[in-house]
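Structural overview
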Amino acid sequence: MEITKEIWGKSPCGKDICRYRITNSSGAYVELSEIGAGIVSVTVPDKEGKMADVALGYKDPLSYFGDGPCLGKVPGRYANRIARGHFSLDGKEYELPVNNGPNHLHGGPEGFQNKVWESREHEGGVEFMYFSEDGEMGYPGNMKVVARYEWSENNELTLILTAETDAPTVVNLTNHAYFNLNGEGNGDILGHELRLNASEYLPTDDTLIPLGESAPVSGTPMDFVNPKPIGRDIKEDFPALKYGKGYDNCWIIDGSPEESVRFAAELYSPESGRTLQIYTTQPGIQIYTGNWLSGSPEGKCGRSYEDYEGVAMECQKYPDSPNEPDYPSTVLRPGETYKEAIILSFGVRN
């Protein structure tokens, strides 16, 4: 495994931004950036052995700062939405900036995704570290976060997310990469087939905040228990699809929480033959079909991406968990370690 590092550009405040490339013996590689500990490239073969970059990304590193799509990065301190930017913890009320309609999204406008993380090559992988100060974006506690990436000879990208705090807080971390298995810039993903290991999902209100209880996917457009093209039902007259202009919901991954790692999803492109299987320790997976990509900064392909040109599959705890006591807890206390894993396994099907 070869790891290289280069200065990719400078941040708005003039700080150098480093980019890493991890290449295996087959020539397949991933590129990672200090901006939001982000995935900026995943180059893997199709069924004929032709390499292509299947991760959406921008041409200019500065475009990653403050972008609406949160392309490829690790959002935080809380990925996804918190209703009305408000939660209480141990009897104390906390107010967070509202940046998505009436709600708080991805840690706010200055969330982890818009920070330059520290980085190092370490024990065959690349690690990014960010120190979030007490009160940053309204969250309590000083928190240290580490995102570790490893790339295998089998084209498997493993992300380990860890965090520690000196005061009770809430945390929900994921990666927000968008994938197009035909190669970025090669049309939409509506013909990609998606399978989810999820028989229930979380219905939401029209601002995409969960209503509370889960609902069965059976008999609805939310059913991906058996693989189907993403675009087959995306225009159906169904509340979730109308609220988000496509899929933007959290599915509950089937299986016992005692299982250390569970299969969550498989994406397949009949055109290229590429597959992406996802495994995780997290209880949920947010599927977002790039419904609002249009107007984003210029992509690596030389133009702005259009809606539905990539799909994000974000393994995480449930949205608005701090306000839903029956959801898996997102509370982190001093002396505890938050630790979650996401495994992206790329392959081909002939």
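Attention here is on the structure that accompanies the text. Keep in mind that what you see is a predicted model, and the values were worked out from it rather than measured.

Rules used throughout
- Residues numbered from 1 in each chain as written.
- Predicted model: local features only at pLDDT ≥ 70, side-chain atom pairs only at ≥ 80, totals over all residues.
- Heavy atoms only, no water.
- 1 Å grid on protein atoms, 1.4 Å probe; cavity = no way out; pocket = protein on both sides within 12 Å on 5 of 7 lines; lining within 4 Å.
- Points joined across faces, edges and corners; volume = space filled by probe spheres on them.
- Nonpolar A, V, L, I, M, F, W, Y, C, P; charged D, E, K, R; others polar.
- Pairing = 2+ DSSP bridges.
- Helix = DSSP H or I, 4+ residues; strand = E, 2+ residues; numbered from the N terminus.
- Axes fitted to C-alpha atoms, helices over the stretch in contact; angles between N-to-C directions.
- Buried < 20%, exposed > 50% of the residue type's maximum accessible area, 1.4 Å probe, protein only.
- Core = buried A, V, L, I, M, F, W, Y, C linked by side-chain atoms within 4.5 Å.
- Contact = heavy atoms within 4.5 Å.
- Phe/Tyr/Trp six-rings, centres within 6.5 Å; stacked < 30°, edge-to-face > 60°.
- Lys NZ or Arg CZ within 6 Å of the ring centre and 35° of its normal.
- Salt bridge = Lys/Arg side-chain N within 4 Å of Asp/Glu carboxyl O.

Right, let's get into empty space enclosed by the protein. Scanning the entire structure with this criterion turns up three cavities of 30 Å³ or more. The space that makes up the largest cavity amounts to roughly 50 Å³. Around the largest cavity sit T174, N175, A177, F179, M313, I342 and L344, which together line it. Taken together, the residues that form the lining of the largest cavity break down as five nonpolar, two polar and no charged. One number sums up the size of the second largest cavity: a volume of about 40 Å³. In this structure, the second largest cavity is lined by N80, R81, L202, T204, L208, P210, D248, N249, C250, Q286 and P319.

In this section: the sheet that holds strand β3 (residues 29–33). Pairing is antiparallel across the open sheet formed by five strands, whose spatial order is β1-β2-β3-β4-β5. Every other strand in the sheet has two partners, leaving β1 (2–10) and β5 (51–53) as the edge strands with one partner each. Sheet twist, expressed as the average angle between the axes of neighbouring strands with direction ignored, equals 20°.

By the alternation rule, side chains of strand β7 (residues 86–89) split into F87 and L89, which are all buried, and H86 and S88, of which none is buried. Across four bridges, β7 lies against strand β8 (residues 92–95) in antiparallel orientation. For F87, the partnering residue across the bridge sits in β8 and is Y94. Here β7 folds back onto β8 in antiparallel fashion, the turn holding two residues, of which D90 has a positive phi close to 55°.

Attention shifts here to the nonpolar core. The biggest cluster of nonpolar side chains holds 66 residues, and the ones touching the most others in it are V42, F179, W251 and M313. The greatest single-element share of this core, amounting to five residues, is contributed by strand β12 (residues 143–151). Setting aside residues no more than four positions away along its own chain, V42 makes contact with Y29, V30, A52, D53, V54, A55, W151, F179 and F346. Grouped together as the second largest cluster of nonpolar side chains are 15 residues, V40, F65, L71 and V116 included.

For the rest of this paragraph, the subject is the packing of aromatic side chains. In this structure the tally under the stated criterion is 18 aromatic pairs. Between F128 and Y149, the ring centres sit 6.0 Å apart and the planes meet at 80°, which makes this aromatic pair edge-to-face. Note that F128 is positioned in strand β11 (residues 125–132) and Y149 in strand β12, a separation of 21 residues in sequence. With relative accessibility at 1%, the residue F128 sits in the buried group. Following the ring pairs from residue to residue traces out a cluster consisting of Y201, F224, Y247 and W251. The ring centre of Y29 lies 3.8 Å from the NZ or CZ of R21, which sits over that ring. One Lys or Arg, K228, reaches over the ring of F224 and ends 4.4 Å from the middle of that ring.

Attention shifts here to the pattern of salt bridges. When charged atoms on two side chains of opposite charge get close, those side chains can pair. One pass over the structure, following the stated rule, counts 21 salt bridges. R120 serves as the salt-bridge partner of E127, at 2.9 Å between the closest nitrogen and oxygen. On the accessibility criterion, R120 (42% relative accessible area) is partly exposed. For R349, the salt bridge identified is with E266, shortest N-O distance 3.2 Å. In this pair, R349 sits in the segment after β26 (338–348) while E266 sits in strand β21 (residues 262–268), placing the two residues 83 residues apart along the sequence. Residue classification places E266 among the buried positions, given a relative accessible area of 11%. A cluster of three or more residues bridged by salt bridges with shared partners is formed by E6, R19, R21 and E31.

A word on the layout of surface pockets. Size it by volume and the largest pocket reaches roughly 520 Å³. Lining of the largest pocket is provided by 26 residues; of these, G68, P69, N100, L105 and H106 occupy positions nearest its centre. Classifying every residue of the lining of the largest pocket by side-chain character gives ten nonpolar, twelve polar and four charged. The space that makes up the second largest pocket amounts to roughly 210 Å³. Around the second largest pocket sit 15 residues that line it, and P257, R262, T281, Q282 and P283 are the ones nearest its centre.

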